[in-house]
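An overview of the molecular structure
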Amino acid sequence: MQRRKWIPLALLRKLLILAICFIAFVALFSVRIHIVPSSKDHRFNDKISTAQDLQSWTRELAPPHLSKAPLSTPKWNGTRGYLDYQKLWKPPSNRGFLPCAEPTPNYTTPAESRGYLLVHTNGGLNQMRSGICDMVAVARIIKATLVIPELDKRSFWQDTSNFSDVFDEEHFMNSLANDVKIIKKLPYDLVNETKVVKQFISWSGMDYYENEIASLWADYQVIRASKSDSRLANNNLPPDIQKLRCRACYEALRFSPRIEKLGKLLVERMRSFGPYIALHLRYEKDMLAFSGCTHDLSLVEAEELRMIRENISYWKIKEIDPIEQRSKGLCPLTPKEVGIFLTALGYPSTTPIYIAAGEIYGGESHMAELRSRYPLLMSKEKLASIEELEPFSNHASQMAALDYIVSIESDVFIPSYSGNMAKAVEGHRRFLGRGRTISPDKKVLVRLFDKLDQGLMTEGKKLSNRIIDLHRRRLGSPRKRKGPISGTKGMERFRSEETFYANPLPDCLCRREPAPALNISHIV
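What counts and what doesn't
- Residues numbered from 1 in each chain as written.
- Predicted model: local features only at pLDDT ≥ 70, side-chain atom pairs only at ≥ 80, totals over all residues.
- Heavy atoms only, no water.
- UniProt positions renumbered as here; feature names shortened; annotations may be inferred.
- Helix = DSSP H or I, 4+ residues; strand = E, 2+ residues; numbered from the N terminus.
- Buried < 20%, exposed > 50% of the residue type's maximum accessible area, 1.4 Å probe, protein only.
- Contact = heavy atoms within 4.5 Å.
- Disulfide = S-S within 2.5 Å.
- Pairing = 2+ DSSP bridges.
- Axes fitted to C-alpha atoms, helices over the stretch in contact; angles between N-to-C directions.
- Parallel < 35°, antiparallel > 145°, perpendicular 65-115°, else oblique.
- Nonpolar A, V, L, I, M, F, W, Y, C, P; charged D, E, K, R; others polar.

In the nomenclature of an unreviewed UniProt entry, the protein is known as O-fucosyltransferase family protein of Phaseolus vulgaris. Per UniProt, the protein carries the Subcellular location (unreviewed entry) text "Membrane". Within the UniProt record for the protein, the comment given under Pathway (unreviewed entry) is "Glycan metabolism."

1. Overview of the side chain of His428
Within the secondary structure, His428 is located in helix H17 (residues 420–432). His428 sits in the buried class, given a relative accessible area of 10%. Residues in contact with His428, not counting those within four places in the same chain, are Arg129, Tyr250, Tyr404, Ile408 and Tyr501.

2. Details of the state of the cysteines
Enumeration according to the criterion identifies three disulfides in this entry. Linked covalently through their sulfurs, Cys100 and Cys510 form a disulfide whose S-S length is 1.8 Å. Judged by the sign of its S-S torsion, about 70 degrees, the bond between Cys100 and Cys510 is right-handed. Residue Cys100 is found in the loop between strand E1 (97–99) and strand E2 (115–119), and its partner Cys510 is found in strand E12 (residues 509–511); the two are separated by 410 residues along the sequence. Look at Cys510 and you get partly exposed, because its relative accessible area is 24%. Here the cysteine-cysteine linkages of the protein are recorded as 1-6, 2-5, 3-4, numbering only bonded cysteines and doing so in sequence order. Cys133 takes part in no disulfide bond, and the closest cysteine sulfur to it belongs to Cys249, at a distance of 4.0 Å. The class for Cys133 is buried, based on a relative accessible area of 1%.

3. What about the sheet that holds strand E9 (residues 377–378)?
The strand order E9-E8-E7-E10-E11 describes an open sheet built from five strands, whose pairing is parallel. Two strands in the sheet have a free side with no partner beyond their single neighbour: E9 and strand E11 (436–437). With three bridges joining them, strand E7 (residues 277–280) and strand E8 (residues 353–355) adopt parallel strand pairing. Within the sheet, the bridge partner assigned to Ala278 lies in E8 and is Tyr354.

4. Quick notes on the packing of helix H12 (residues 335–345) against helix H18 (residues 442–453)
For the pair H12 and H18, interaxial distance at closest approach is 11 Å and the crossing angle is 95 degrees. The angle between H12 and H18 falls in the class roughly perpendicular. Counted together, Lys336, Glu337, Ile340 and Phe341 of H12 and Leu445, Phe449, Leu452 and Asp453 of H18 form the full contact between these two elements. Of the residues belonging to the contact of H12 with H18, the class tally is five nonpolar, no polar and three charged.

And the structure:
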């Protein structure tokens with residue numbers, strides 16, 4: 001009888017031993033297995049870099065979804081997480097404003113063409129973008145057939161890209177078919193025809209184009225615009241012309257399919273880390289040379305930039321006082337200053353940051369302090385493999401387009417300098433009602449940074465509160481576009497206006513009336 005009682009216990013012991021062995025085997029097998037990309041997969045590093053590994057600015061970084069040990073994403077559970085979200089990531093209210101770029105009821109199809117408008121764009125990607133959109137509106141005003149614009153190949157970047165390399169040409173033409181007639185090339189019989197080459201006057205209104213420019217059709221069949229940037233006034237244009245500019249910029253001027261594809265992939269990889277900041281760190285050689293800003297640079301670096309400015313003939317201003325320039329808030333923030341700024345705003349060191357920029361001047365020597373605060377600095381070069389980026393390399397406009405896409409889709413966008421890219425992204429995000437766009441008040445910030453350098457202030461709660469208060473109304477919420485600065489005259493008056501593409505309100509953003517509530521009982 002005693003023996004029979006022990007039999008079940010012995011069986012139970014054996015079952016427990018087998019179960020423990022099985023669990024140990026499964027655990028051991030799970031540790032050993034890992035994903036091995038096939039030859040068709042991207043050739044990334046085989047692990048996520050640690051903070052120490054990230055000291056190499058040029059190292060490729062594996063996206064989280066291909067890594068052995070993906071980084072944890074921020075969690076918003078609990079009261080503290082909710083407060084952090086409200087403070088750091090919550091988009092500003094759109095105050096009821098929504099896109100309204102549709103034409104008015106009086107809008108008609110394109111009038112019969114009187115001739116052809118050739119356009120030579122100028123500047124970098126975003127300068128060319130706004131110029132192309134202006135020329136769409138100009139073609140409508142002067143009743144011209146627009147020939148697909150020629151991109152700038154002679155500027156600082158020496159980019160050989162054609163329109164179709166950067167933009168979706170077919171989509172552009174089809175989207176604007178009811179606005180302007182657009183063709184890919186000038187008709188063969190007009191190629192050798194005498195053309196009038198004209199540099200349109202900046203910030204011109206309807207009268208200038210309807211009278212002075214349109215009068216050229218009497219003598220010429222082809223008008224060539226030698227520059228396209230800022231050739232149309234920001235304000236006081238008919239509503240349908242303003243709405244056309246928005247349709248051209250935010251609907252028709254889409255990037256080429258291969259740029260869109262990789263851009264969306266970069267966004268997906270950034271989102272693998274959680275909510276992210278897109279930082280347009282305009283600390284590149286061309287920007288510093290053009291602006292004359294040399295703060296925190298060595299004498300050798302400052303001289304190199306001065307020589308670049310001296311040798312570029314179309315940069316008119318040669319002698320620049322860097323101290324005065326910085327005190328007026330006209331210099332880009334340095335990477336070190338950006339780090340102080342982000343820390344003061346409350347962003348933790350684990351915040352993923354996408355660096356939307358070209359090659360940072362001085363490389364790691366100027367990035368070290370920002371990286372010490374925020375180790376998770378990403379870029380297209382780190383998120384994509386060499387093979388993925390190869391078709392776009394040596395094409396500054398195409399690489400900038402990738403940065404543009406990741407910046408538009410970011411949870412927070414912060415430009416270190418209020419240049420063309422910053423204005424274009426800010427305006428596009430305003431139009432879409434997309435996320436936070438924090439515009440640093442550089443004029444006040446540099447005074448605070450100087451106090452830190454002089455030991456008159458320390459980082460901490462006082463500085464943080466000051467900077468947060470300073471930027472409460474600089475988060476990208478809808479507001480009416482600013483007009484000219486009081487007291488300015490002539491061209492300076494137009495130059496002082498907020499640009500149309502930085503803020504398309506009121507022309508292309510409207511408050512929509514809510515639909516009347518349905519009387520359910522009446523319907524029943």
